[in-house]
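# Per-entry structural report
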Amino acid sequence: MSHGHWRDVAHAVGLLGADGAVSSTIFAEMSALATRTGAINLGQGFPDVDGPAHLKDAAVAAIEAGHNQYPPGPGIPALLDAVAAHQRRHYGLEVDPRTEVLVTAGATEAITATILALAGPGDEVVTLEPYYDSYAAAIALSGATHRTIALRPSSEGFRLDPADVDAAVTDRTRLVLVNSPHNPTGTVLTRDELGAIARAAVRHDALVVTDEVYEHLTYDGVEHVPMATLPGMAERTVTISSAGKSLSFTGWKVGWLHARADLVTAVRTVKQFLTYVASGPFQHAVAVGLADEDGRTGEYVAGLGRSLQHRRDVLCEALVAAGFAPVAPRGTYFVVADGAGLGYPDAVDLCRDLPEKAGVVGIPVSAFCTPGGAVAEELRSWVRFTYVKREATLADAARGLARLR
C-alpha cells in the first residue's frame, strides 16, 4: 500500500473526519453504546442461538479426529465436493470441485480476494447502493474506482431502475458486485432485475461477482435466483456464499466461491496471502451440512426461514407502532425503516438517542452509502435493525420501542 493509500480506504468507508483524523465506525460506536447502556443490540446481525447440534457435533468430532493443522489451500476435498453438489442440487449448476471451487475465511475474504485479484487502478467496480461496508474498503484497496446503482424504496420494496444499471456499467467496468438477498435493505432481486445487470455485463465485457450469503433465507415464497443460472452468465460470474448465515455459525468463518477455473486460480493467488487457510475442523463440519445426506440440515434451514419470517413480522409491527415506516424485507436478517416520522431527519441522531429513549440500538442506513452521496442523502432518516434474535428479545425490544409513541 502506497504512502497515504490507507487514507483512501478510510475515506471510502467514511472513517475520516473533517480534521483528517481517522474515527471509529458507526458500527463500533453503536455496539459500544449498547454495552454501555444495556440496550438491546439490534444493530449487529448475528444470531443469539447456535445452529444445528449435529453440525456442532461434527466440528467436535473433526477436532477429536486430529483435523487441527493447516487444511489444503483450496479447501478440504469433502467441502469442495459438497459445495459443487449443493449448487447442482439447488440450482442445476455444474461445477468442477477440483478446479472451480475455493474455500475462504468467510464470504468477506472471498469478496476482498476476488476484487484484489480481478480489478485494479483504471478499472471501475460497480455495486448496488446501499452496500455492505466491506465492499467500498476492498475496492479502495484494489485502487479501482467505485460506482453504484441506487436501490430505491417503493411499495414493492427496494428496487433498481434498469436505466441506472445502463448508466453505471460502461466499458470501464471490470466487475459488477451484486448482493441478493440484499444487506441492508432485505430486497431480493427479481429475475428481470438480474437480467438487466447480466445484459449490461455482457455488453461491456464485465465480470459479475455475487454475494449470496443469504441465499436460503427468503420469505413469502420469494425465489432467490443465482446470477450464474442466467443464460451465458456461468462463465462470467464469481459466485460467493458461506455457512455463517444459513447455518447460524457466523464465528466459524467458512465461505466459498466458484467460478471459471482461471478466475479461481487468480483469486486463490491473492487469497493465499490473506489468510493462507482457515477454519480447518469447521470445514469438515460444514461439509457435513452442505452434503446433508440425512436431510437434517435442510430441515433446520427451512425451519430457520419460517422462524425468521415470523420474527421479521414481529419487529415490523413494533416499528410501525412506534412511528417508523419500515419496508418489509423479502430476505436476510434485516429490516430498514424510515424514522423521519419520529422527528429525526438524520438517523445518526436518532440512533444515538434510541438506547435512552427505547432501550434499542440500530444502525443508520447512511453507513451503507457513499459518504455525502445522493443515496446517503435520500436515505438519511432510515435505520437498519436486525431480527435474527430470540423472540423474547424482540418482544422486549417492542416494548422499548413502544415508549417512542
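To be clear, the structure that these remarks concern was listed above.
Since we're looking at a predicted model, the values are computed, not measured.

## Here we look at the packing of helix α2 (residues 26-37) against helix α12 (residues 347-358)
Orientation of α2 relative to α12, taken along the N-to-C sense of each, is 15 degrees, at an axis distance of 10 Å. On the basis of the axis angle, α2 is roughly parallel to α12. Here α2 runs over α12; the crossing is right-handed. Where α2 abuts α12, its residues Glu 29, Met 30, Leu 33 and Thr 37 lie against Cys 351, Arg 352 and Pro 355. Taken together, the residues that form the contact of α2 with α12 break down as 4 nonpolar, 1 polar and 2 charged.

## Digging into the pairing of strand β2 (residues 101-104)
Along any regular strand, the residues point their side chains to alternate faces of the sheet. Here β2 shows no split at all, with Val 101 and Val 103 on one side and Leu 102 and Thr 104 on the other all buried. Inspection of the sheet shows β2 paired to strand β10 (residues 255-258) by 4 bridges, in the antiparallel sense. Each residue of the ladder has a partner; that of Leu 102, found in β10, is Leu 257.

## So, the pairing of strand β4 (residues 145-150)
Here strand β3 (residues 124-129) pairs with β4 via 6 bridges, running parallel. Residue pairing in the sheet places Glu 129 in a bridge with Ala 150 of β4. You can see the chain leave β3, run along helix α6 (residues 133-142) and come back into β4, and the turn it takes is right-handed.

## Some points on the nonpolar core
Core analysis: the largest hydrophobic core is formed by 67 residues, its most contacted members being Phe 324, Phe 385 and Leu 401. Looking at this core element by element, the count peaks at 7 residues for helix α11 (residues 296-322). Each of domain 1 (8-50 + 298-402) and domain 2 (53-291) accounts for three or more of the residues forming this core. Discounting chain neighbours no more than four positions away, the residues touching Phe 324 are Leu 319, Ala 337, Asp 338, Gly 339, Leu 342, Leu 350, Leu 354, Val 383, Phe 385, Leu 401 and Leu 404. One finds Val 126, Leu 128, Val 178 and Ile 197 within the second-largest nonpolar core, a separate group that totals 32 residues.

What counts, and at which threshold
Sequence order as written defines residue numbering, which begins from 1 separately in each chain. The model is predicted, so local features are restricted to residues of pLDDT at least 70 and side-chain atom pairs to those at 80 or more, both for listing and for counting; the totals for chains, interfaces and linings are taken over all residues. For side-chain calculations, the full set of non-hydrogen atoms in the structure is used, while hydrogens and water are omitted. Orientation is described by lines fitted to C-alpha atoms, with helices fitted over the stretch in contact, and by angles between N-to-C directions that extend from 0 to 180 degrees. Segments assigned H or I by DSSP are reported as helices when at least four residues long, segments assigned E as strands when at least two residues long, and all are numbered from the N terminus. Oblique is the label for any angle not covered by the other classes, which are roughly parallel (under 35 degrees), roughly antiparallel (over 145) and roughly perpendicular (65 to 115). Definitions for this section: a left-handed crossing has its near helix turned counterclockwise from the far helix by less than a right angle. A right-handed crossing has that turn clockwise. In this analysis, two residues are considered to be in contact whenever any of their non-hydrogen atoms come within 4.5 Å of each other. Residues are sorted three ways: Asp, Glu, Lys and Arg are charged, Ala, Val, Leu, Ile, Met, Phe, Trp, Tyr, Cys and Pro are nonpolar, and all the rest, Gly among them, are polar. A simple rule labels every residue: compare its accessible area, found with a 1.4 Å probe on the protein chains alone, to the largest value its type can have, and call it buried under 20%, exposed over 50%, or partly exposed in between. Pairing between two strands is assigned when DSSP locates at least 2 bridges connecting them. Crossovers are marked right-handed if the path from the first strand over the helix to the second runs clockwise, as seen with the strands pointing away from the viewer. Throughout this description, the term nonpolar core refers to a set of buried Ala, Val, Leu, Ile, Met, Phe, Trp, Tyr and Cys residues connected via side-chain atoms within 4.5 Å. What marks off one domain from the next here is an automatic or database domain assignment.

None of the figures reported here should be taken as evidence of function without further support.
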